[in-house]
Amino acid sequence: MSLIVAAFGFGLVSMSIIAISAVGFTMQFGITNMINLAYGQVMIASAYAAYALNNAGVSIWLSLPVGAIFGAVFSFLLNRLVYAPFQRKGTNLIGMVIISLAVSLVIANVMLPIVGYYSVSYHQDPGTTYHFGSIALTGEQILIIALAVVVMLAIYALLRFTRLGKAMRATAANPTLARNCGIPTARVVDLAWLITGALCGVAGTVAGMNSDSFSVASGSEFLIPIIAASILGGAGSPYGAMIGAVIIGEMTEISAAIISPEYKQVVAFAVLVLVMVLRPQGLLAKRGALAAAG
Amino acid sequence: MTYYLTTVLVYAAVDILACLAISLQFGVSGIVNFSFIIFQAAGAYTAAVLSLPRDTANGGFQTYILGLNLSFPLPWIAATLVGALLAPPIGLVVLRRLRSDYQAIAMLVLSVIASLVVTNTPAFLDGAAGLSLVPQPLSDKFNPYSEAYLWAYTAGALILAVIVFFIAQRIINSPYGRSLRAMRENEVAAKALGKNAVALKMTVFVVGGAIAGLSGAILVGFITTWAPSTWLYPETLILFAAVIVGGRGNNYGAVLGALLVPVGFEEATRYLPPFGPPGLIPALEWVCIGGLILGFLWFRPRGVLPERRRVFPPRRQVAEVGNPSASRD
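Predicted model only: the values in this text are computed from it and were never measured.

Draft legend 1. Layout of the packing of aromatic side chains. Enumeration according to the criterion identifies 20 aromatic pairs over all chains in this entry. Ring centres of Phe70(A) and Phe74(A) lie 5.7 Å apart, and the angle between their planes is 80°; this geometry places the pair in the edge-to-face category. Of this pair, Phe70(A) and Phe74(A) both sit in helix α3 (residues 60-88), four residues apart, which is roughly one turn of that helix. By relative accessible area, Phe70(A) is classed as partly exposed at 34%. With 5.9 Å between their ring centres and 75° between their planes, Trp76(B) and Tyr153(B) make a pair best called edge-to-face. Separated by 77 residues along the polypeptide, Trp76(B) in helix α3 (residues 73-94) and Tyr153(B) in helix α6 (residues 147-173) bring together distant segments of the chain. Both residues of the pair, Trp76(B) and Tyr153(B), belong to the buried class. Here the basic side chain of Lys89(A) rests over the ring of Trp298(B), its NZ or CZ set 4.9 Å away from the ring centre.

Draft legend 2. The arrangement of the side chain of Ser104(A) in detail. Its place among the elements puts Ser104(A) in helix α4 (residues 93-115). Each residue touching Ser104(A), except ones within four places of it in the same chain, is listed here: Leu37(A), Ala38(A) and Gln41(A).

Draft legend 3. Structural view of the confidence of the model for chain A. For chain A, the mean per-residue pLDDT works out to 87, and 96% of the residues sit at or above 70. Between residues 287-294 of chain A, whose pLDDT stays under 50, and residues either more than four places distant or in other chains, the model counts 22 contacts.

Draft legend 4. Representation of the interface of chain B and chain A. Taken together, the 41 residues of chain B in the interface contact 42 residues of chain A. Overall, the association of chain B and chain A removes approximately 3,800 Å² of surface from exposure, summing both partners, and the carbon and sulfur fraction of that is 79%. If you look at where chain B meets chain A, you find zero salt bridges. Inspection of the chain B/chain A interface yields one residue pair in polar contact (both at pLDDT 80 or more). For the side of chain B that touches chain A, the secondary-structure elements that each account for two or more residues are α4 (100-120), α10 (233-246) and α12 (280-299) of chain B. Here the element with the most residues in the side of chain B that touches chain A is α4(B); it accounts for 14 residues. A per-class count over the side of chain B that touches chain A returns 31 nonpolar, six polar and four charged.

Draft legend 5. Here's a closer look at helix α11 (residues 251-270) of chain B. Residues and elements named next belong to chain B. With 20 residues, α11 ought to run about 28 Å at 1.5 Å a step, and its terminal C-alpha atoms sit 28 Å apart, in line with that. The principal kink in α11, of about 45°, is found at Gly264. For α11, every residue scored as buried is listed here: Asn251, Gly253, Ala254, Val255, Gly257, Ala258, Val261, Pro262, Val263, Phe265 and Glu267. Contacts from the buried residues of α11 go to α1 (2-28), α6, α10 and α12.

Draft legend 6. Spotlight on the pattern of salt bridges. This model, assessed by the stated rule, comprises six salt bridges over all chains. The partner of Glu253(A) in a salt bridge is Lys264(A), with the nearest N and O atoms 3.2 Å apart. Here Lys264(A) lies in helix α11 (residues 264-278) and Glu253(A) lies in helix α10 (residues 238-258), a separation of 11 residues in the sequence. Taken together, the shared-partner salt bridges connect Arg184(B), Glu185(B) and Glu307(B) into one network.

About the thresholds
- Residues numbered from 1 in each chain as written.
- Chains lettered and ligands numbered in written order.
- Predicted model: local features only at pLDDT ≥ 70, side-chain atom pairs only at ≥ 80, totals over all residues.
- Heavy atoms only, no water.
- Phe/Tyr/Trp six-rings, centres within 6.5 Å; stacked < 30°, edge-to-face > 60°.
- Helix = DSSP H or I, 4+ residues; strand = E, 2+ residues; numbered from the N terminus.
- Buried < 20%, exposed > 50% of the residue type's maximum accessible area, 1.4 Å probe, protein only.
- Lys NZ or Arg CZ within 6 Å of the ring centre and 35° of its normal.
- Contact = heavy atoms within 4.5 Å.
- pLDDT = per-residue confidence, 0-100.
- Buried area = accessible area lost by both parts, 1.4 Å probe.
- Salt bridge = Lys/Arg side-chain N within 4 Å of Asp/Glu carboxyl O.
- Polar contact = N/O pair within 3.5 Å; in protein donor to acceptor, adjacent residues only side chain to side chain.
- Nonpolar A, V, L, I, M, F, W, Y, C, P; charged D, E, K, R; others polar.
- Expected span 1.5 Å × (residues − 1).
- Bend = angle between axes of the 7 residues up to and from the residue.

And the structure:
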């Protein structure tokens, strides 16, 4: 029993990481109608950007913003240089999925010769371990959870209370109508890529902090729980992705304690299959702030 | 030299089969089957465990299920059947209600997960190490290392590829093929004309799965080993690159793409002088595959040999009142 409670504690950490990444992933989909399968690779690239600074002797918490900025700029350029031109050309949804998978392949293999094949780990001090009953969390893990809570509140505030958030929701709901109402949708989309890219960079860096080591190959591993959480919550809905992250994060960690850690991803996938059979629109579709278009 | 030539030709036959299947699914019907490679893998594993003796043979250095030691045509037939039978359960989950891009990512995730499961379950198909010493077909009657055997195997593989090519040709020119194209172009209109889109997708999924299973059996019978590292999800993307380059929906394009991309790349890099640190050339190869997809989708989305436009002389009354997308196809 105490094993399961301990796993619940780890679940809190992994749900935090999944939540940060899945909200970014699902907002890209909601606002630009684009399933960006290169998301996992951008996460890894940002994690390596933070690693470069961390390896030079900077604390990992100070390197985190660098990972965020790298992710933001990378995602912005990716959209400007690749995705947006293809979308303007009228490439259909299927074509865009193939393009993003091809982009993911290119990013991974451009990175390989640069960063090498071996996995690396951050130079970090996990801090003292705090015990809450059977749950044992390091100071760093508690900070990750706190960071996730702050990021979720910030996303909520952005979408709920700011003009930009309102414009994003309008663009997600109906881009043509939003443009006709005078919303500069092109700029909204640019900002959306910057913000979601920053989330992606933060998520990549904290995922690297929470795992013993990471390598270029971790990109596709990261992506599976993110896709599962986003689809579970209803693709395009940030609040759905948060709920999805809670469910997927806890289920994977608890099943790792009960069955075997090797099958973590398989459990995430099983949830995904169940959702697709029983409720393909997800838990919160059409009710979240960013209902999926089409 | 014989060995080299036969290897290239067998790979060509296998890639042609795979590209024909992808062209049927993706080119003709618009289904992006990112889990294609697991159908090929299922066929290869089936053929392997059916032709291998029990896993206690060979000193028991590998563990796997079955090991029935069946003689030649049976493992290949079974591989084709397993490829076909794998399609309905996947299709029932994926193809019924999901939007097309959801279908694609669901199958991509499935491909990653399948390889994880096989890698982490050594008792099933020997995990990450994979199966080796798979007996070649009819190796009990002929010497599988003789030149004559290699050429006969190559000829057999190529003949099967030709047969499948003609079957694929029949499919795309049949009324069934017309329905598939109608569904691809405008699913709502096809449904409105009474076409059952789910049934259409399921049948082409099964046909593609069978072809993929057969191609896996041919490959494993020749190279005699099969492991998870040979069927990672990027392998599917190579085949998609081939079909996009060759021309989707056109069987000649699929054949051309198979010869240009998977076969051509493998052979071209063989003759490159080694440069850079180890692993640089394979990485660059993947960058080129990705670049090829992006480049072709941008500059020539219909491929080198585009699908033939099918124009039928309009029947007057139908053309006037009919749905434009229905009369076009």
